[in-house]
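Observations on the three-dimensional arrangement
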Amino acid sequence: MSSLRRRIRILATSAAAVLCTSVFSVSAQGTDVDHGKLVYNTWCAGCHGADPRQSQPHLAANKPEVLQNAMDLVAQMNFLKTVLTGTDIGDVAAYIGSVATIGVPVLNPTPGSVDFSYQTVGVPSTAQTLLLTNLGSVALNITAITATPADFTVSGNCVGHRNPSSTCALSIVLNPSAAGSLAGQVAVTFSESPTPVTVPLLGAGVLSESTPLPIVVEYYNPDLDNYFITADAGEQAFVDSGAVGRWLRTGNAFRSGGTTKVCRFYGNGATNPATGRIYGPNSHFYTAGQSECDGLKSAYIVSAPSWKFESLDFSTAQLTGAACAPGTVPVYRAYNNGATRGIDSNHRITTNRTSIEQVVARGWIDEGIAMCAPQ
Ligand code: HEC
């Protein structure tokens, strides 16, 4: 009891401060919903919650008489009779009435995200279903449903009024326009909420076996003593232009092809506030190992040196035992031992055995066959 009385006194004091310093515009004819909201937040929210809808049905106080009654009958509310004016009571009733008719809007999507995994470029995936359920107490008015980026399309008949407890189904298709990973979203806009409900969409475009196999080109940067490979013809042209530094073609290249997608990572490109430089490493890393790829993806830390997934750069074949199957050639990997030497880690990846031996002769570690390229 004493704690309740103390609580009431605190409410009364803070409210008095608010009420004394504020100027309200109350129309002579009608009620002032904005003022009613302020009265609610000042005098009622402490006991009944920030949103009057949270304590339905007690907040049937959308009529002044109901609130008058409650102030008489409920001991904890008696004190309000000495602080609320007739205008306050009329306005707070109007405010509660204005929100009570809105009800609580809850639009629940299932599943919480949609993953398409790998999908051939230019070929639509099978459709995946996203259910939208109105878990709220009132009807919702869905006004727009969009999917981004344009590689994803969404269809279905969910726009319009959705009754409480009703579910409608959306159908989502991925048709990748290019190779590489995709992260998009479906956004559902409805009148009762200022922000749309969004559902993440994930997937990756991969090149079909019938598209001409890209060539993986090797580059060397003498300033960094780093190697880099890319199968992306557009990126090759960009690198050749000199736009990203002194990257020179080494003359080594091999073909992309096979059922394994090679994960490509780059060091964390976010700036470390302590040094003003990127966390790094300022280098790329490639792996044909699914578990290594997954492990690096999950080890990425936004505020520390780590590897950030960039794309599925090219495809390759796995070893058969310790060697490459007929029709394929070994792709070797050498490591600059950057961790021990205190420099950014870098790998050389090439089918040219002599090139591997050259870097091994100056301290790089021979990691043997990493993958198998089409002959
Ligand atoms: C000190 C806490 C406290 C404050 C402040 C308070 N209430 Fe209450 N209210 C209660 C309690 C306790 C009850 C009775 C138990 C219940 O119904 O939950 C109640 C009940 C009610 C009821 C239902 C009465 C009935 O007949 O069932 C209404 C309506 C109500 N409050 C409205 C308000 C409004 C509007 C305000 C602000 C102007 C307010 N209350 C401020 C504690 C409070």
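You'll find the structure just up there.
Overview of the structure. Just so we're clear, the structure is a prediction, and the values are computed from it rather than from any experiment. (Residues numbered from 1 in each chain as written. Predicted model: local features only at pLDDT ≥ 70, side-chain atom pairs only at ≥ 80, totals over all residues. Heavy atoms only, no water.)

Relative to the assigned elements, R348 resides in strand β17 (residues 347–350). Overall, R348 belongs to the buried group, its relative accessible area being 5%. A distance of 3.3 Å separates a polar atom in the side chain of R348 from the backbone oxygen of S355. (Helix = DSSP H or I, 4+ residues; strand = E, 2+ residues; numbered from the N terminus. Buried < 20%, exposed > 50% of the residue type's maximum accessible area, 1.4 Å probe, protein only. Polar contact = N/O pair within 3.5 Å; in protein donor to acceptor, adjacent residues only side chain to side chain.)

A few words now on the packing of aromatic side chains. To describe a pair of aromatic rings, you give the distance between the ring centres and the angle between the ring planes. Considering all chains together, one arrives at 10 aromatic pairs under this definition. With 6.2 Å between their ring centres and 55 degrees between their planes, W43 and F79 make a pair best called tilted. With W43 in helix α2 (residues 33–48) and F79 in the loop between α3 (64–73) and α4 (80–83), the pair connects residues that are 36 residues apart, well separated along the chain. Taking relative accessible area as the criterion, W43 reaches 4% and is therefore assigned buried. With 4.6 Å between their ring centres and 40 degrees between their planes, Y220 and Y227 make a pair best called tilted. Members of the aromatic cluster, connected to one another through ring pairs, are Y219, F228 and W247. The ring of F309 carries K297 above its face, with NZ or CZ at 4.2 Å from the centroid. (Phe/Tyr/Trp six-rings, centres within 6.5 Å; stacked < 30°, edge-to-face > 60°. Lys NZ or Arg CZ within 6 Å of the ring centre and 35° of its normal.)

The next thing to look at is α2. The end-to-end C-alpha separation of α2 is 18 Å, well short of the 22 Å expected for 16 residues at 1.5 Å each. Considering bend angle alone, the principal kink of α2 is centred on T42 and spans about 45 degrees. Every buried residue of α2 is listed here: H35, G36, V39, Y40, T42, W43, C44 and A45. Where α2 begins, one side-chain oxygen reaches toward the backbone nitrogen of D34, 3.0 Å away; that side chain belongs to D32. (Expected span 1.5 Å × (residues − 1). Bend = angle between axes of the 7 residues up to and from the residue.)

In the sheet, strand β4 (residues 140–148) pairs with strand β6 (residues 160–162) via three bridges, with the strands oriented antiparallel. Within β6, the position partnered with L140 by the bridge is R162. Bridge count for β4 against strand β8 (residues 180–190) is six bridges, and the pairing is antiparallel. Each bridged residue has a counterpart across the sheet, and for I145 the counterpart in β8 is V188. (Pairing = 2+ DSSP bridges.)

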